[in-house]
Amino acid sequence: MEPVMAVVIGVIYATAIYMMLRRSIVKLVIGLILISNAANLLIFTVAGMTRDAPPLIPMNGDPLGDVIADPLPQALVLTAIVIAFGVLSFAVVLIRRAYQVVGVDDLDQMKDTDT
Amino acid sequence: MQIAVLTGFVLAILVPFLSRWCGSRTGMVLALYPAAVALWLVSLAPAVLQSGGIYFEQAWAPSLGLSLSFWLDGLSLLFGLLISGIGTLIILYASGYLHGHPQIARFYVLILSFMSSMLGVVMADGLMTLFVFWELTSITSYMLIGFNHEDAAARKSALQGLLVTFTGGLALLSGLILLNVVGGSWSLQTLLDDGEALREHALYLPMLLCLLGGAFTKSAQFPFHFWLPNAMAAPTPVSAYLHSATMVKAGIYLMARLQPGLGGTEVWMTLLCIVGAITMVVGAFLAIRFTGIKKVLAYSTVMALGTLTMLLGIGGEAAMIAFVSFLTAHSLYKGALFMVAGALDHETGTKDIDEMGGLRRAMPVTALCAFVAALSLGGVIPLFGFVAKELMFEAVLDAPRFTGFLIGMSLLASVLVVAAAGIVALRPFFGALKTTPKTPHEAPLSMLAGPCVLAGLSLLLGFMPWLAGDGLLSAAASAVAGSEVVTDLYLWHGINTALMMSMFSLCIGLLVCWRWPDVRGVIHRFSPVLDRGPEAGYWKLMDLLVRVSEWQTRLLQSGYMRNYLILTLLSFVGLTGYTLLARHGPVLEFELDVRLQEVVVALVTAASAVVACMMRSRLAAVAAAGVMGFGIALIFLLFSAPDLAITQLLIETLTVILLILVLFRMPQFSSLSTPMERVRDMLVAVGTGVLMTLLILTILGQGHLFTSISEYMIDNSEPLGHGHNIVNVILVDFRALDTLGEIFVLSLAAIGVLAMLRLQAKEKKAP
Amino acid sequence: MKTGTLILTVAAQTLVPLQILFSLFLLLRGHDEPGGGFIAGLVVAGAFALHQFVNGPQATRRLLRVDPRDCIGIGLLLGVGSAFPAWWQGEPFLTAQWWDVMGLKLSTPLIFDIGVYLVVLGSVLTAVITLTEVDKDET
Amino acid sequence: MSPEVALPILIPLTAGALSMAFWRSRLMQRLIGIAGTAALLGVGIWLFVSVQSQGYVIMNAGGWAAPFGITLVADLLSAIMVVLTGIIGFAVALFSLPTIGRGHETFGYYPLLHLLLAGVAGAFLTGDIFNLYVWFEVMLLASFALLILGGERAQMEGAIKYVTLNLLSSVIFLSAIGLLYGLLGTLNMADIARRIALVEDNTLIDVIAVMFMISFGIKAAAFPLFFWLPAAFPLFFWLPAAYHTPPVAVSALFAGLLTKVGVYALFRVFTLMFNQSVDFTHEILLWGAGLTMITGVLGAAAQFEFRRILSFHIVSQIGYMMMGLALFTPLALVGGVFYILHHIIVKTNLFLISGVVYRLKGTHDLKRLGGVYKAWPLLGVLFLIPALSLAGVPPLSGFFAKFVLIRASIEAGHFTITVVALLVGLLTLYSMTKIWAEVFWKKAPEEEDASKAMAPVATRHLWLMLLPVVGLAACTVFIGLNGQLLYDVAEASAAQLLDPQAYIDAVLGEQP
């Protein structure tokens, strides 16, 4: 399954980048959502994917199976998901405020800070 | 010795307090410091002359090559005496010149710091110590040139001086580091003792060029001479001190210091002779071009600096004797002349020679000093300047190389210098009295002391040159030559070629002086050519700097985030891609083990991401992104990650809620980009996507190289972590620190959101 | 002041308490089965968000009793606080401490998880409620 | 059990949580602000002392043996960085008291300050690559929030760029961590280093190394990845009222610490982990270093705004630090470390001074400033010390840093970078004298009514603002006059950096 996922992740990266390069700040935020998901999937995929063997130790005292899913990347991804959510909720409100202040949904109008 | 040097800095810090107690007498009090240093140096003189040098060693930062080690030999002693002696007079002079100036305390601070730095330069033994003091002189001189800081021209000149000398300083720094790398020591004394090794090293040429770069810029050699006359924006005491007697001589000092170690080679001779000779003539020529008295003097200083460099280039005993004599003579008469110029400026209110005339009655003492000093400058018997000039001609006549060229150049220069001397000494004082902005009268005593003493010394040493020559100058000359030199100075050398040359230049020079306005008229016709000198290059360069930087800013800081993103991504794709494809090569071997439902979910996920890109409606785009998120949750579920699946699901829901809350207030998408831009963006996007896919495939193809540390967690989750959900145990126990950071991230986001929304709302309410 | 449709209102009335209970369940069992502080916090935050859509931010604030911002503060303190007990025992920070309090398995990881729960709840609600309130002020 | 490794993280975290809990009390927040940063400084010094005696101070968080849990590791470099974080935090907290304004205080300025420091300290101390990511995020979100406090247009625009580019960097970082874990199956940096040393074909590791380089390069604002930096210092100089601009205290904090965390991360991973193909990776770094220096300094030359000149100079100075790493000789690393240490102090101070000038004059625009030297000569001196130090004028701290680097590059035979470094030093001096001439020397242009109106308020609490400025300037002079002291520290820490095996052994225990 991993090779398929590699392609899927590539596609999500590509779409994310494309969206981030748009002039609309709304699209930018959607791009940010996509790219965070891509990174999470990457960690999950590269560590190896296992079917039907969640890293849960049976409560009844049975031993674990020989092959179970690697719990560590799952924990990492969980952390990453939540962090990404924090960043995104910040970004979402940020674009809302930016839109309020600037008045257009166009990144090209937002270049006063530079030059 | 350390104390002698460092006291100046301490004193400089104390000046603000001192000036509160002493009021206008501060200058007198402060002048005691250089006077004390001078006396102390005199007291050391016998010991130095006997032993060839006194050495003080003290560590400062040895790993950096910094020490507080000082070395006092004949050369240092000569320079030290000039610095402290003239320094005493200058401080006295300044107390008169700047009397009542509101920032006089700041002036004292700076001039004292400068004086100490200068003493540090000439006595330092450590290479880096030398450099530290060297740069300090640049900085203090910057502050001094810009002393009248509300004047834009002064600021400009100060910057010019700083940039030129600092550039040289950088060259010097590299040169000194090379010297250390080549010679393996930080001590000048040690290094110069083994000159042979230095001269024969492969890095000799770059090292020499760097060192000379520092020396040339500092001592205003052609083509870096232009900053010096501009530095005349400084108050006159500063010009008199820094730009005649001391700072510009730091470069000369450095060359003289290095002469025994690095000198005598073909490159050395060629460079110093040619550059020195050109500087000499250019300086002398430009001196008679201007009518500002300080400018004339400044250019004649350039001429003197050129002469000194040339003499160092010629090498040999005679040249060394000429060198030290010329140096001393120049310091004396030029200091005096500058102080006279300051007195004129101070009492008449103008600096233009053309506006002065007939001042000898109003300012008799000043006139006398000017006359005596100018005679020395012109090299007229019986002044010390004459002795020095004779020696210079003799050295040139004996020059081992370029003899004809050097003779011609020095003759030309001396003609022009005689003219310049005449201009400054005769024109303001003789002829008809002209009305000046201020009614002229004699300068106060404090301002007369300096020129009188210096002019007097020029006269005294002219009659009795052996006073200086037998002890001090021979020791200095020996230090420069690197071997024992016996200096036997006398006023009258008999009728010889040198004397003829002197006579010749005197006559022609006076003629030029007499017809000065006509000469200026002729020169004026060549102004367009002359204005294209090196200084024009400096301004071009500054202009270029600003333009390049503006161009770069426009190019890189366009303000368009897209450009930033594209550049960043291109560097990412380029570098990573290159490393992957060229250095490793992508590995595309894999086994496909898939099930239908998995592929369907994967395809839906990918497709919804693509759809999210293409949607024209905000809601549809958000919905598509949501579908993708749910697809990912399903993938997590299918591949044994229930916690992830639930979290992803919940987060996705909340994200969509947030987005909808916000999008509600945003406009619909409109088509903003051109098709070309779309294609470009698509290329970047696809490039990144392909790279990521290749990377993942390659890593997967490589497989796990080691067993994962998660084995341990699986084994110990239950016995040690007391939990059955291994992921949760990792989160709250094994890697609790991550989770701790993570909840802080969440709360930070919340604070940010709150502040963004509330702070502004609140400020709107409260006008 | 009520917004939202009737169905949503009715649904919210039953769903919200259920969700809150469910979240507590998820929180407590998290150490052994899927769940835990994050998931539980998200669930309960979702519950209050739903409540807020239906009843308006004022009502949600009343229901919560504490400002969600203070939830964050308390949650963070619990989270950081759970790092310190180990210090008393001379063990590295964050080392799990287990106590048997009246038959209940009480531990620093549990306190930590409760902290996580509160922070997630507080953060999400702060964002959602503030957004809605500011929207209302502006329209 | 060495609490001093964890306390630099836990103290600001606790202080942040407490200030959150005391959201309503400005007084408490201020008290916690001062006490928390002071405590951080104290613990930092404690850590430094124990690192000096023990070499490495290590704590396995949660008691889980390395490499299974998260290990906190302090070597000399991280210990010094923590001390500096404490110094800067404390200075900025002091500076904040009179300057930060009521609005910011009631909306979480202090919690943000603490958490930013916690993130920075966490990044310096962690020995775990994923944990590094987490601390990066803590630091970034705190900086995001600090950046937008105030909510002006320029701030919003700047923030969008800043957030996006940093998020991109985080995503690259995260992807690289994922790939690395897939390959090596570990997250502990010492363990990663150990395992990388066992890998035969390093080219794949190089790919990941380059990804780390790009990601940290963005965070460190290296060429060509520095675009977020000017955006992070958005300014509205035509608005006279003080609270419309992002507070200087925030700029100072950013200037001193944020980029340095990226540089630190580069130093850490490219000495400890990716040291197998130095001729490839460090060659790229060297190019990056040179270009960073040039673009930064040229960017500054085009500016006519106090803080903006300073912020572009951050870019060029980052180049020097990278140069130290890229040359990868013992001496060069000493120079790089020295440079980082010196730069944090000097840069923060310059920003604080710009704040003082702003308070006095109500603008950052060089064209509208002037006459400061005449009226406040002491402030002039206080500016000259860090400014000249930045330009590398001896005997101030910057000179030694530059000198060591230049010497290292000459010894290594990389003359091109020598010339670049020297010229950039010259241009830095040019910029600093531009500020000096325009702000301090020049006669003040005719005052407008608006700025006159705020003159009476202006000088209140000035002493409180000057306190940290004087303190930092004293540090600069002290380092300058005692160059050997810091040099020894830098040398020892460079020696540690060049001996990754010692680090690995210290963390994982002696391996058979």
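Just so we're clear, the structure is a prediction, and the values are computed from it rather than from any experiment.

*Asks:* Just checking my understanding: could you explain the domain arrangement of chain B for this structure?
*Replies:* Note: interface size is frequently given as the accessible area lost on complex formation between the parts. Domain annotation for chain B reports domain 1 (1-260), domain 2 (264-527), domain 3 (561-704) and domain 4 (706-758). A straight line from the C-alpha centre of domain 1 of chain B to that of domain 3 of chain B covers 65 Å.

*Asks:* Is there a simple way to explain the pairing of strand S2 (residues 70-74) of chain D in this structure?
*Replies:* Side chains on a regular strand alternate between the two faces of the sheet. Residue and element names in this part refer to chain D. Counting buried residues along S2, 5 of its 5 residues qualify, which places the element largely inside the surrounding structure. Sheet topology places strand S1 (residues 57-61) next to S2; 5 bridges connect them, and they run antiparallel. Looking at the pairing, Met-59 lines up with Leu-72 of S2.

*Asks:* I would appreciate a short explanation of the interface of chain B and chain A in the present structure.
*Replies:* Between chain B and chain A, the contact holds 97 residues from the first and 84 residues from the second. Of the roughly 8400 Å² buried at the junction of chain B and chain A (both faces included), carbon and sulfur atoms supply 77%. Area buried by chain B at its contact with chain A is led by B:Phe639, B:His724 and B:Met756, which between them contribute 8% of it. Along the contact surface separating chain B from chain A lie 3 salt bridges. Taking the shortest distance from any N to any O, the salt bridge between B:Asp681 and A:Arg22 comes out at 2.1 Å. Going through the elements one at a time, helix H25 (561-584), helix H26 (596-614), helix H27 (618-638), helix H28 (642-663), helix H29 (675-702), helix H30 (710-721), helix H31 (726-734) and helix H32 (736-765) of chain B are the ones with two or more residues in the side of chain B that touches chain A. Of the residues forming the side of chain B that touches chain A, the biggest block, 15 residues, is contributed by H29(B).

*Asks:* How should the UniProt feature "domain: NADH:quinone oxidoreductase/Mrp antiporter transmembrane" (unreviewed entry) in chain B be read in this particular structure?
*Replies:* As annotated by UniProt and renumbered to match this structure, "domain: NADH:quinone oxidoreductase/Mrp antiporter transmembrane" (unreviewed entry) occupies residues 124-409 of chain B. Here residues 124-409 of chain B runs as 77% helix and 0% strand, with 35 Å between its end C-alpha atoms.

*Asks:* I would appreciate a short explanation of the interface of chain B and chain D in the present structure.
*Replies:* Taken together, the 99 residues of chain B in the interface contact 115 residues of chain D. When the two sides are added together, the surface that chain B and chain D hide from each other amounts to roughly 9700 Å², 77% of it contributed by carbon and sulfur. Run the count over chain B and chain D and you get 2 salt bridges. Its salt-bridge partner being D:Asp128, residue B:Arg735 comes within 2.5 Å of it at the nearest N-O pair. On inspection of chain B and its partner chain D, the count reaches 12 residue pairs in polar contact (both at pLDDT 80 or more).

*Asks:* Just to check I follow, could you spell out the nonpolar core for this structure?
*Replies:* Considering soluble globular proteins, one finds that nonpolar side chains tend to be buried as a cluster. Ranked by size, the top nonpolar core spans 604 residues in total, and within it D:Ile129 and D:Met273 carry the most contacts. Of the residues forming this core, the biggest block, 20 residues, is contributed by helix H3 (residues 71-102) of chain A. With residues up to four places along the chain from it excluded, the contact list for D:Ile129 reads D:Phe173, D:Ile177, D:Leu187, D:Met189, D:Ile192, D:Phe212, D:Val269 and D:Met273.

*Asks:* Which parts of the structure should I look at to understand unusual backbone geometry?
*Replies:* For residues that are not glycine, phi is negative in most cases, and the peptide bond is trans in most cases. The omega angle of the peptide bond from B:Phe222 to B:Pro223 is 5°, so this bond is cis rather than trans. Assignment of secondary structure puts B:Pro223 in the loop between helix H9 (204-218) and helix H10 (227-230). A cis amide bond, omega 5°, links D:Ala66 with the succeeding residue D:Pro67. Tracing the backbone through its elements, the reader meets D:Pro67 in the loop between S1 and S2. Positive phi values are uncommon outside glycine, yet A:Asp52 reaches one of about 50°. For A:Asp52, the location among the structural elements is in the loop between helix H2 (25-46) and H3. One non-glycine residue with positive phi stands out, namely B:Ala220, at about 55°. By the secondary structure assignment, B:Ala220 is in the loop between H9 and H10. Overall, the relative accessible area of 0% leaves B:Ala220 in the buried class.

*Asks:* Where do I start with helix H2 (residues 26-54) of chain D in this structure?
*Replies:* The periodicity of an α-helix, 3.6 residues per turn, causes residues three or four places apart in sequence to face the same way. The first and last C-alpha atoms of H2(D) sit 41 Å apart over 29 residues, in line with the 42 Å expected at 1.5 Å per residue. Just beyond H2(D), the residue with positive phi is D:Gly55, at close to 90°.

*Asks:* Would you take a moment to explain a nonpolar patch on the surface for this structure?
*Replies:* Residue and element names in this part refer to chain B. A surface patch of nonpolar side chains, amounting to about 420 Å² of accessible area, comprises Val-453, Leu-457, Leu-460, Trp-466 and Leu-467. In terms of residue count, helix H19 (residues 445-463) provides more of the nonpolar patch than any other element does, 3 residues in total. With respect to the helices and strands, Leu-460 occurs in helix H19.

*Asks:* Before we go on, may I ask you to explain the packing of aromatic side chains in this structure?
*Replies:* To describe a pair of aromatic rings, one takes the distance between the centres and the angle between the planes. In this structure the tally under the stated criterion is 46 aromatic pairs over all chains. Connected via pairs of aromatic rings, a cluster forms that spans D:Phe130, D:Tyr133, D:Phe136, D:Phe173, D:Phe212, D:Phe216, D:Phe270 and D:Phe274. Between the NZ or CZ atom of B:Arg257 and the centre of the ring of B:Trp71, over which it lies, the distance is 4.7 Å. Here the basic side chain of B:Lys295 rests over the ring of B:Phe290, its NZ or CZ set 4.8 Å away from the ring centre.

*Asks:* So what exactly am I meant to see when it comes to the UniProt feature "domain: MrpA C-terminal/MbhD" (unreviewed entry) in chain B here?
*Replies:* In the numbering adopted here, UniProt assigns the feature "domain: MrpA C-terminal/MbhD" (unreviewed entry) to residues 604-668 of chain B. Regarding residues 604-668 of chain B, the helix share stands at 83% and the strand share at 0%, and the terminal C-alpha atoms are separated by 26 Å.

*Asks:* Which parts of the structure should I look at to understand the packing of helix H3 (residues 74-97) of chain B against H19(B)?
*Replies:* The relative placement of two packed helices is expressed as an angle between their axes plus a distance between the axes. Residues and elements named next belong to chain B. Two numbers describe how H3 lies on H19: the axes approach to 6 Å, and their chain directions differ by 150°. As judged from the angle between their axes, H3 and H19 are roughly antiparallel. Here H3 runs over H19; the crossing is left-handed. Side by side, H3 and H19 meet where Ile-86, Leu-89, Leu-92, Tyr-93, Ser-95, Gly-96 and Tyr-97 of the first sit next to Ser-446, Met-447, Gly-450, Val-453 and Leu-454 of the second.

*Asks:* Sorry, what's going on with the pattern of salt bridges here?
*Replies:* Pairing between side chains becomes possible if they bear opposite charge and their charged atoms approach one another. Residue and element names in this part refer to chain D. Taken as a whole, this structure holds 22 salt bridges over all chains when the rule is applied. Among the ionic pairs, Arg-195 bridges to Asp-191, the shortest N-O distance being 3.5 Å. Taken together, the residues Arg-195 and Asp-191, both in helix H8 (residues 189-198) and 4 residues apart, mark about one turn of the helix. Classification of Asp-191 by relative accessible area gives buried; the value is 0%.

*Asks:* So what exactly am I meant to see when it comes to the UniProt feature "transmembrane region" (unreviewed entry) in chain C here?
*Replies:* Residue and element names in this part refer to chain C. When the UniProt feature table is mapped onto this chain numbering, "transmembrane region" (unreviewed entry) sits at residues 7-28, 34-50, 71-90 and 110-131. Taken as a whole, residues 7-28 contains 100% helix and 0% strand, while its terminal C-alpha atoms sit 31 Å from one another. What you have in residues 71-90 is 75% helix and 0% strand, and the ends, taken at the C-alpha atoms, are 30 Å apart.

*Asks:* I'm lost on the environment of B:Arg595 in this one. Help?
*Replies:* For B:Arg595, the location among the structural elements is in the loop between H25 and H26. Distance from B:Arg595 to B:Ala35, taken between C-alpha atoms, is 97 Å for residues 560 residues apart in sequence. Setting aside residues up to four positions removed in sequence, B:Arg595 forms contacts with A:Arg51 and A:Asp52.

*Asks:* Even after reading the chapter, I still don't get the side chain of D:Ser389, so can you show me in this structure?
*Replies:* All names here are of chain D. Along the polypeptide, Ser-389 turns up in helix H16 (residues 377-391). Of the polar contacts made by the side chain of Ser-389, one reaches the backbone nitrogen of Gly-398; its length is 3.0 Å. Residue contacts for Ser-389: discarding those within four places in its chain leaves His-342, Val-346, Leu-384, Leu-396, Ser-397, Gly-398, Phe-399 and Thr-476.

About the criteria used
Residues numbered from 1 in each chain as written. Chains lettered and ligands numbered in written order. Predicted model: local features only at pLDDT ≥ 70, side-chain atom pairs only at ≥ 80, totals over all residues. Heavy atoms only, no water. Domains from an automatic or database assignment. Buried < 20%, exposed > 50% of the residue type's maximum accessible area, 1.4 Å probe, protein only. Helix = DSSP H or I, 4+ residues; strand = E, 2+ residues; numbered from the N terminus. Pairing = 2+ DSSP bridges. Contact = heavy atoms within 4.5 Å. Buried area = accessible area lost by both parts, 1.4 Å probe. Salt bridge = Lys/Arg side-chain N within 4 Å of Asp/Glu carboxyl O. UniProt positions renumbered as here; feature names shortened; annotations may be inferred. Polar contact = N/O pair within 3.5 Å; in protein donor to acceptor, adjacent residues only side chain to side chain. Core = buried A, V, L, I, M, F, W, Y, C linked by side-chain atoms within 4.5 Å. Expected span 1.5 Å × (residues − 1). Patch = residues over 30% accessible without salt bridge, like charges linked within 9 Å, V, L, I, M, F, W, Y side chains within 5 Å. Areas by Shrake-Rupley, 256 points an atom, 1.4 Å probe, with all protein chains shown as cover. Phe/Tyr/Trp six-rings, centres within 6.5 Å; stacked < 30°, edge-to-face > 60°. Lys NZ or Arg CZ within 6 Å of the ring centre and 35° of its normal. Axes fitted to C-alpha atoms, helices over the stretch in contact; angles between N-to-C directions. Parallel < 35°, antiparallel > 145°, perpendicular 65-115°, else oblique. Left-handed = near helix turned anticlockwise from the far one by under 90°.

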